[in-house]
Amino acid sequence: MRTASRLLAAAAATALLPAAVTASNWDDQPVNPAEHADDVTVAYEDGGRYYNEEDLLTYNVAEDGTVDWLTFSGFRRYHSECHVCHGPDGEGSSYAPKIKNSAVHMGYYDFYDVVVNGRQNGNSVMPHFGDNPNVMCYLDDIYVYLKARGMDAVPRGRPAKKEAKSDVIREDEDACMG
């Protein structure tokens, strides 16, 4: 009887293993905004870009719903380059996982690395975009937008109000795009 119980327990644990492995993906992990508040709290603004205490980019949403330029631009750039695989508003699709939560859990440098270099996770392959200026010139924008989506700071859909594009951001875009 004990052997049967052990076998049954082992079979049950083995059956749950794929679910446990799948749940460890960043996209599957729920985001608790309170746990990440320090990561997204604006410490300062520089040339239309907002940063947290660790000097990492973050989003800024005013009380009236006005978003910073990078969040707005990130919405546009995400939907021109990433939406095809990852679905509208970072919510995922049958082709690729949702990435709005990944932007929160992974952090800036890991997110950047995956986009630049790509990665393979089982049968799922994220191609590299390091040589695509339509992604690379706006990667900060895409990251900030997805972080705002992952934190539920902006709703699904195109932001209704946006800050004006700063001269610094305009100059950086022009220099990057050539």
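Residues numbered from 1 in each chain as written. Predicted model: local features only at pLDDT ≥ 70, side-chain atom pairs only at ≥ 80, totals over all residues. Heavy atoms only, no water.

Enquirer: Looking at this structure, how should I read the layout of surface pockets?
Expert: Regions of empty space are outlined by a rolling probe, equal in size to a water molecule, passed over the atoms. In this model, the largest pocket occupies a volume close to 590 Å³. Residue lining of the largest pocket: 28 residues in total, with His 86, Ala 96, Pro 97, Ile 99 and Met 126 positioned closest to the centre. Every element with two or more residues in the lining of the largest pocket is listed here: α4 (83–86), α5 (100–106), α6 (108–117), β4 (119–121), β5 (124–126) and α8 (139–150). Along the lines of polarity and charge, the residues of the lining of the largest pocket split into 19 nonpolar, six polar and three charged. (1 Å grid on protein atoms, 1.4 Å probe; cavity = no way out; pocket = protein on both sides within 12 Å on 5 of 7 lines; lining within 4 Å. Points joined across faces, edges and corners; volume = space filled by probe spheres on them. Helix = DSSP H or I, 4+ residues; strand = E, 2+ residues; numbered from the N terminus. Nonpolar A, V, L, I, M, F, W, Y, C, P; charged D, E, K, R; others polar.)

Enquirer: Before we go on, may I ask you to explain the state of the cysteines in this structure?
Expert: Disulfide: a covalent bond connecting the sulfur atoms of a pair of cysteines. For the coordinates displayed, the defined rule picks out one disulfide. Put simply, Cys 137 and Cys 176 are joined by a disulfide, and their sulfur atoms are 1.9 Å apart. Between Cys 137 and Cys 176, the S-S torsion sits near -85 degrees, and that sign places the bridge as left-handed. A residue pair is termed long-range when its members are at least 10 positions apart, and Cys 137 in the loop between α7 (133–136) and α8 and Cys 176 in helix α9 (residues 167–177) qualify at 39 residues. Owing to a relative accessible area of 39%, Cys 176 belongs among the partly exposed residues under this scheme. Counting only cysteine sulfurs, Cys 85 is the nearest neighbor of Cys 82, a cysteine outside any disulfide, at a range of 8.6 Å. (Disulfide = S-S within 2.5 Å. Buried < 20%, exposed > 50% of the residue type's maximum accessible area, 1.4 Å probe, protein only.)

Enquirer: Where do I start with the nonpolar core in this structure?
Expert: Grouped burial of nonpolar side chains is what soluble globular proteins tend to show. With 30 residues, the main nonpolar core has Tyr 78, Phe 111 and Leu 146 as its most contacted residues. Elements with a contribution of two residues or more to this core: α3 (69–81), α5, α6 and α8. If one sorts the elements of this core by residue count, α8 sits on top with seven residues. Non-local contacts of Tyr 78, meaning those with residues more than four positions away in its chain, are made with His 83, His 86, Gly 87, Pro 88, Asp 89, Gly 90, Ile 99, Ile 142, Tyr 145 and Leu 146. (Core = buried A, V, L, I, M, F, W, Y, C linked by side-chain atoms within 4.5 Å. Contact = heavy atoms within 4.5 Å.)

Enquirer: What's the story with the packing of α3 against α8 in this structure? I'm lost.
Expert: Axes are the key here: two packed helices are described by the angle between their axes and the distance separating the axes. Orientation of α3 relative to α8, taken along the N-to-C sense of each, is 100 degrees, at an axis distance of 7 Å. Viewed along their axes, α3 and α8 adopt a mutual orientation that is roughly perpendicular. Residues Leu 70, Thr 71, Ser 73, Gly 74, Phe 75, Arg 77, Tyr 78 and His 79 of α3 touch α8, and the partners they reach there are Asp 141, Ile 142, Val 144, Tyr 145, Leu 146 and Ala 148. (Axes fitted to C-alpha atoms, helices over the stretch in contact; angles between N-to-C directions. Parallel < 35°, antiparallel > 145°, perpendicular 65-115°, else oblique.)

Enquirer: Just to check I follow, could you spell out unusual backbone geometry for this structure?
Expert: Most peptide bonds adopt trans geometry, and most residues besides glycine take a negative phi value. Look at Asp 55: it is not a glycine, yet its phi comes out positive at around 65 degrees. Looking at the element boundaries, Asp 55 is found in the loop between β2 (49–51) and β3 (57–58). The residue Asp 89 is not glycine, and still its phi comes out positive at about 60 degrees. In this fold, Asp 89 is placed in the loop between α4 and α5.

By themselves, these are just geometric observations and shouldn't be taken as functional.
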